[in-house]
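Summary of the model geometry
These are the residues of each chain, in order.
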Amino acid sequence: MPTLCKVSQDPLIFHSYNFGHIYTPVKQLAPYIQKGKNIHIVLTLNMSIRPPQKIENLARAYHHYAKRYPWIIVTVLANEPEELELLRTHDIRSELCNQNCLIDERCYTIRQVPKKYDAISNSRMASYKRLELLSKVNNCALLTYFLDPSDYDYEKRILPHAGGNNAACPNLICPQIDSNGWHWFDTNKICEELSASRCGIIASKEEGACFAAVEYLLCGLPVVTTPNIGGRDAMFDKDYVIWADPDPDSIAEAVKKAIALPISSQEIRERTIEKIRNGRKTYCNILNAIAKDEGIEKDFMTEWDSFYVNKMINNISEEDAITLLDNSGVKTHYSLLHRLHNAHKKLKYYIKRYIK
């Protein structure tokens, strides 16, 4: 399922995210897009490409598709300076713009609820999140979700209710779980739970820019983080972020320090919004430059409300993505064979994920 947001009709600009395999959205959609006027795709990376194998795979895919489909022009957004350097070293058209400037501050707000947790982690149930490092944090809540069957195996290592032996975090509080199983929380409920905590924790060593990093801050929470790669540091500030070594004792001690920080929730939020707005100016300047390359002078900051959606994420099916392209005047070819093939892929995914 690609994510595709339309940014501009003239020139044609779309925003997409690389979720899952390297260069996924371009690989999915490019074969259906026929030669015509230039189409620009601004691509955000959801995971770090600093490991050598990842940048090499990305570069290989980028140049393959650029050569085969030269009318599809991709600009990759780096979440941190080290990524930008790698991308440009590999001759990938790229700019520095951290994805967290695209979070809607109107969606994540401070709620006036009593504090009931010392700490909270809003994390996928996946091994790279290193949730076992939270084992010594007192009164710690976990908000979580599952994307892959392997996540359920990891859950057994972390939580006793999942059926694993010697669970790493037997004392984690899981507000989404009751006698009827796991429940999805919408954004409103997530904000309530975050606001009920005294700090947020991120323990991964390597991922992307991590939306939760800024969701915590917008809800007024100081953050405890481990050293990492991927770009989540972009919106951080020494006045409300505590760094911890990647071990349970260090993280537990960092939580105590974060709780004691002499800064209000409102100030954390306001300073974060200022950083977000600066990032959006950078984002719009990138769009302006793309338009200028096509001989069009535009100021996308003045058009922001016409194209902006939270995180610039619009998850749609391949068929709906093709419809969006068609409606934008893009020449596409999406045959019945392609439709049947993708329907089969979706069925296989459903069986793998939900039928045990």
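Above this text sits the structure in question.
Below: a short report on this structure. (Residues numbered from 1 in each chain as written. Predicted model: local features only at pLDDT ≥ 70, side-chain atom pairs only at ≥ 80, totals over all residues. Heavy atoms only, no water.)

Concerning the overall build of the protein
- When its secondary structure is counted, the protein shows eleven helices and twelve strands.
- Computed over its C-alpha atoms, the radius of gyration of the protein comes to 21 Å, within 12% of the 21 Å expected for a compact globule of 356 residues.
- Each principal axis of the C-alpha distribution contributes one length, and for the protein these read about 60 × 45 × 40 Å.
- Burial analysis of the protein (356 residues in total) assigns 52% to the buried set.
- Within the protein, contacts between residues separated by at least 24 positions form 68% of all contacts whose residues are at least 6 apart in sequence.
- Summing over all exposed atoms, the protein offers an accessible surface of approximately 16800 Å²; the carbon and sulfur share of this is 51%.
- Across the protein, the 45 positively charged side chains and the 43 negatively charged ones have centroids separated by 4 Å. (Helix = DSSP H or I, 4+ residues; strand = E, 2+ residues; numbered from the N terminus. Rg over C-alpha atoms; globule rule 2.2 N^0.38 Å. Buried < 20%, exposed > 50% of the residue type's maximum accessible area, 1.4 Å probe, protein only. Contact = heavy atoms within 4.5 Å. Areas by Shrake-Rupley, 256 points an atom, 1.4 Å probe, with all protein chains shown as cover. Lys, Arg positive; Asp, Glu negative; His and termini not counted. Charge placed at Lys NZ, Arg CZ, Asp CG, Glu CD.)

Regarding helix α4 (residues 149-158)
- Listed as buried for α4 are Asp151, Tyr154, Glu155 and Ile158. Along the axis of α4, the buried residues cluster in a sector spanning 110°; they form a single face. (Arc of directions from axis to C-beta.)

What to know about the side chain of Thr44
- Along the chain, the position of Thr44 falls in strand β3 (residues 39-45).
- There is a polar contact of 3.0 Å between the side chain of Thr44 and the side chain of His15.
- Setting aside chain neighbours within four positions, we find Thr44 in contact with His15, Ser16, Tyr17, Asn18, Leu77 and Gln99. (Polar contact = N/O pair within 3.5 Å; in protein donor to acceptor, adjacent residues only side chain to side chain.)

Quick notes on the sheet that holds β3
- Taken in spatial order, the five strands make up an open sheet running β1-β2-β3-β4-β5, and their pairing is mixed. Edge positions in the sheet fall to β1 (4-8) and β5 (94-96), since each has one partner strand and no second. Neighbour-to-neighbour, the strand axes of this sheet turn through a mean angle of 25°, independent of strand direction.
- As defined by bridge partners, β3 adjoins strand β4 (residues 72-78) across six bridges and the pair is classed as parallel. Across the sheet, the residue bridging to Thr44 is Leu77, located in β4.
- Taken strand by strand, helix α10 (residues 318-327) contacts β1 and β2 (12-18), and its axis lies near 15° from that of β1. (Pairing = 2+ DSSP bridges. Axes fitted to C-alpha atoms, helices over the stretch in contact; angles between N-to-C directions.)

Thoughts on the pairing of strand β6 (residues 119-124)
- Of all six residues making up β6, six are buried, and the element is well covered by its neighbours.
- Neither face of β6 is left uncovered, since the one carrying Ala119, Ser121 and Ser123 and the one carrying Ile120, Asn122 and Arg124 both have all their residues buried.
- Sheet analysis places β6 next to strand β7 (residues 140-145), joined by six bridges and oriented parallel. Considered in β7, the bridge of Arg124 is made with Tyr145.

With respect to the environment of Asp245
- Along the chain, Asp245 turns up in the loop between β12 (241-243) and α7 (248-259).
- Among the residues examined, Asp245 registers a relative accessible area of 48% and is labelled partly exposed.
- Between the C-alpha atom of Asp245 and that of Tyr216, which follows or precedes it by 29 residues, the distance is 20 Å.
- Apart from the residues lying within four places of it in its own chain, the contact partners of Asp245 are Thr226, Ser250 and Ile251.

Side note on the side chain of Ser204
- Along the chain, Ser204 falls in the loop between β10 (200-202) and α6 (211-218).
- When residues no more than four places from it in sequence are discounted, the contact partners of Ser204 are Tyr128, Lys129, Arg130, Thr226, Pro227, Asn228 and Arg232.

Topic: the packing of aromatic side chains
- Using the criterion set out here, one finds 14 aromatic pairs in the structure.
- Taken together, a centroid distance of 5.9 Å and an interplanar angle of 15° make the contact between Tyr65 and Tyr69 stacked.
- Since its relative accessible area comes to 9%, Tyr69 is described here as buried.
- Centroid distance Phe146 to Trp182: 5.8 Å. Interplanar angle 85°. Geometry classified as edge-to-face. (Phe/Tyr/Trp six-rings, centres within 6.5 Å; stacked < 30°, edge-to-face > 60°.)

Digging into the environment of Ile190
- On the secondary structure map, Ile190 appears in helix α5 (residues 187-195).
- On the accessibility criterion, Ile190 (15% relative accessible area) is buried.
- Separated by eleven residues in sequence, Ile190 and Ser179 have C-alpha atoms that sit 20 Å apart.

Topic: helix α8 (residues 265-293)
- Its 29 residues give α8 an end-to-end C-alpha distance of 43 Å, which sits within 8% of 42 Å, the value for a rise of 1.5 Å per residue.
- In the stretch just after α8, Gly295 is the one whose phi turns positive, near 80°. (Expected span 1.5 Å × (residues − 1).)

Structural notes on the pattern of salt bridges
- The tally for this structure, following the rule as stated, stands at 20 salt bridges.
- Between Asp151 and Arg124 there is a salt bridge, with its nearest N and O atoms 2.9 Å apart. In this pair, Asp151 sits in helix α4 while Arg124 sits in strand β6, placing the two residues 27 residues apart along the sequence.
- Residue class for Asp151 comes out buried when judged on its relative accessible area of 1%. (Salt bridge = Lys/Arg side-chain N within 4 Å of Asp/Glu carboxyl O.)

Concerning unusual backbone geometry
- Each neighbour pair has its own omega, and for Asp10 with Pro11 the value is 0°, a cis peptide bond.
- Within the secondary structure layout, Pro11 lies in the loop between β1 and β2.
- One non-glycine residue with positive phi stands out, namely Asp91, at about 60°.
- Mapped onto the secondary structure, Asp91 falls in the loop between α3 (81-89) and β5.
- You can call Asp91 exposed: its relative accessible area is 60%.

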